[in-house]
Amino acid sequence: MSKDLLNEIIQPENLVYKKTKLMTNNTLSYCPGCGHGTAHRLIMDVVEELDIWKDTIGVAPVGCSVLAYDFMNIDMQQAAHGRAPAVATGIKRCYPDKVVFTYQGDGDLAAIGTAETIHAINRGENIIIVFINNGIYGMTGGQMAPTTLPGMKSSTSPYGRDTEMMGNPLKMTELISALPGAYMVTRQAVHTPAHVRKAKRALKMAFKNQIEKKGGVSFVEIVSNCNSGWKMTPVHSNQWMVENMFPFYPLGDIKIDGEFVNK
Amino acid sequence: MAKIKGAIVVDIEHCKGCEVCIDACPTQVIEMHEQVNGKGYHYAYMAQPDACTGCTNCAIVCPDGVITVYRKKMAE
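Residues numbered from 1 in each chain as written. Chains lettered and ligands numbered in written order. Predicted model: local features only at pLDDT ≥ 70, side-chain atom pairs only at ≥ 80, totals over all residues. Heavy atoms only, no water.

Participant: Looking at this structure, I do not really get the overall build of chain B. What am I missing?
Facilitator: When helices and strands are counted, chain B shows two helices and four strands. In chain B, the succession of α and β elements from N to C terminus is β-α-β-β-α-β. The C-alpha radius of gyration computed for chain B amounts to 13 Å, which stays within 12% of the reference 11 Å derived for 76 residues, consistent with globular compactness. When its C-alpha atoms are laid out on the principal axes, chain B stretches across 45 × 20 × 20 Å. Here chain B holds 76 residues, and the buried ones make up 51% of them. In chain B, 60% of the contacts between residues at least 6 apart in sequence involve partners at least 24 apart. Just so you have it, chain B exposes about 3700 Å², and 50% of that area is on carbon and sulfur atoms. For chain B, the distance from the average position of its 7 positive side-chain charges to the average position of its 9 negative side-chain charges is 11 Å. (Helix = DSSP H or I, 4+ residues; strand = E, 2+ residues; numbered from the N terminus. Rg over C-alpha atoms; globule rule 2.2 N^0.38 Å. Buried < 20%, exposed > 50% of the residue type's maximum accessible area, 1.4 Å probe, protein only. Contact = heavy atoms within 4.5 Å. Areas by Shrake-Rupley, 256 points an atom, 1.4 Å probe, with all protein chains shown as cover. Lys, Arg positive; Asp, Glu negative; His and termini not counted. Charge placed at Lys NZ, Arg CZ, Asp CG, Glu CD.)

Written out as structure tokens, the structure is:
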């Protein structure tokens, strides 16, 4: 293709996709190929499309995404480890008209913050919880997390997770779906274009639920990869995720509009 | 029939060379450049620009959001 033709195509009127302005221009602190970046962008895409950036407050967790406030160009608050749902509860009760979401990893939400998560959902707070599950403690060096699969190797389970000694992985999403305060519960992924589009639809539904003040928590789990923690290339880790994570953490909606989805 | 042509622009300095876009591209347009950017990553570029349809698949899976996509309907 000639340079002229390329210049003819690359014109503002032909623009079809550009990173949203609600993401800052800071280089993401995540490893190459990490699903966190895509998840950040999807949330900001939805906030931009619904035009609620002035009224949205995010709560960042502790973990790889502790610096989420550096990348999301909206009002953000950083919470103590695991306490994001409690902080979000406070923000939402002080400012009932604001849209509040938390963004948490599995070490934050499913380990140290289990109590806060379960009680915030049980109270039916009108917030959104975005849960990124990569089955490992990424930031601290790939240690075993509550969500690590049976037999999966990590730096603290070098021979694979032995369920007799270390217990079974925690399916947080299934667990909290039983609570009456959970209004929408879904599990998504962001490794292929089709899954990204589906995840975006789910996030949009979650934000709409909150704007329309439908009671309860909208809980969106995103199964992601951790290629550094899993010691794989990004593309290989995505394949590994499809082969190993998805049979244990099946994708799909679990609860929509407060009703269980029959499978 | 009018032909649809696409093109991508990669923010080279923010690209981390994860190669997820190569997998996502249905027409095998993208490859990693043999040169590296300021951070030492091989960056994505259009190796087969003629095949690009501007489908945006690469841009929406890019974790770092470095790809901007343009699309134009060409006259015969």
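Following the structure, the description resumes.
Participant: Quick question: what am I supposed to make of the packing of aromatic side chains here?
Facilitator: The geometry of two aromatic rings is summed up by the distance between their centres and the angle between their planes. All names here are of chain A. One pass over the full model with this rule turns up five aromatic pairs over all chains. Residues F131 and F219 carry aromatic rings whose centres are separated by 5.9 Å and whose planes lie at 55 degrees to one another, so their mutual orientation is tilted. Highlighted residues: F131 in strand β5 (residues 128-133) and F219 in strand β7 (residues 217-223), separated in sequence by 88 residues. Per residue, the accessibility class of F131 equals that of F219, and both read buried. A centroid spacing of 5.0 Å and a plane angle of 85 degrees characterise the contact between F248 and Y249, whose relative ring orientation is edge-to-face. We classify F248 as partly exposed; its relative accessible area is 24%. Note that K171 overlies the ring of F248, its terminal NZ or CZ placed 4.6 Å from the centroid. (Phe/Tyr/Trp six-rings, centres within 6.5 Å; stacked < 30°, edge-to-face > 60°. Lys NZ or Arg CZ within 6 Å of the ring centre and 35° of its normal.)

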